[in-house]
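Tertiary structure, described
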Amino acid sequence: MKVGSVLNIVRPAVPELMKSDSPRIVIINGVTANVPEPDMTAVSASRASVKQVAHMLASALAPEIRVNTVNIGVIDTERQAAKYKKTDQSFTYLQWKEQEARRRGIPLERMGTVEEVVPMILLLLISKPK
């Protein structure tokens, strides 16, 4: 499904992007594309597939369209809050997030935030290629 979603969005966008003076595609993927998690086999495999599709798109569309991928880790979003609500909730949400970060081996021992991810994506969208 993840691969199909990328292709279904990119395919019709290419003709319009070719009209741009600085066309870019940024594909947001997850770190499990590179380091699969044992309890997320299907997700890890589909993210690895997206990684390969992004590489293929970068090769096929270069040099006219620049293609980048941002592989994010665990981000504190409503999706994480929903996962927390499905637990026994013997911890506060903050405690659960810290425990989840440790379980996943995140070096900073915390989940990332949207505010940390957005600037990186914006940088890819506005920077001029060399």
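The notes below deal with the structure included here. Being a predicted model, the structure only gives us computed values, none of them experimental.

**Describing the overall build of the protein chain**
On a plain count of helices and strands, the protein chain comes out with 5 helices and 2 strands. The N-to-C order of helical and strand elements in the protein chain reads α-β-α-β-α-α-α. Within the protein chain, the fraction of its 130 residues that count as buried is 32%. Within the structure as shown, the protein chain displays about 8,700 Å² of accessible surface, and the carbon and sulfur contribution to it stands at 61%. Mean positive and mean negative side-chain charge positions of the protein chain (18 and 13 charges, respectively) differ by 5 Å.

**Focus: helix 4 (residues 93–103)**
Inspection of helix 4 places Trp96, Lys97, Glu100 and Ala101 among the buried residues, and these make up the whole buried set. Down the axis of helix 4, the buried side of the element spans an arc of 135 degrees, and every buried residue falls inside it. Facing away from the buried side of helix 4, by more than 90 degrees, are the exposed residues Leu94 and Arg102. In this fold, the buried residues of helix 4 make contact with helix 3 (78–85). Just downstream of helix 4 lies Gly105, where phi reads positive at about 70 degrees.

What counts as what
- Residues numbered from 1 in each chain as written.
- Predicted model: local features only at pLDDT ≥ 70, side-chain atom pairs only at ≥ 80, totals over all residues.
- Heavy atoms only, no water.
- Helix = DSSP H or I, 4+ residues; strand = E, 2+ residues; numbered from the N terminus.
- Buried < 20%, exposed > 50% of the residue type's maximum accessible area, 1.4 Å probe, protein only.
- Areas by Shrake-Rupley, 256 points an atom, 1.4 Å probe, with all protein chains shown as cover.
- Lys, Arg positive; Asp, Glu negative; His and termini not counted.
- Charge placed at Lys NZ, Arg CZ, Asp CG, Glu CD.
- Arc of directions from axis to C-beta.
- Contact = heavy atoms within 4.5 Å.

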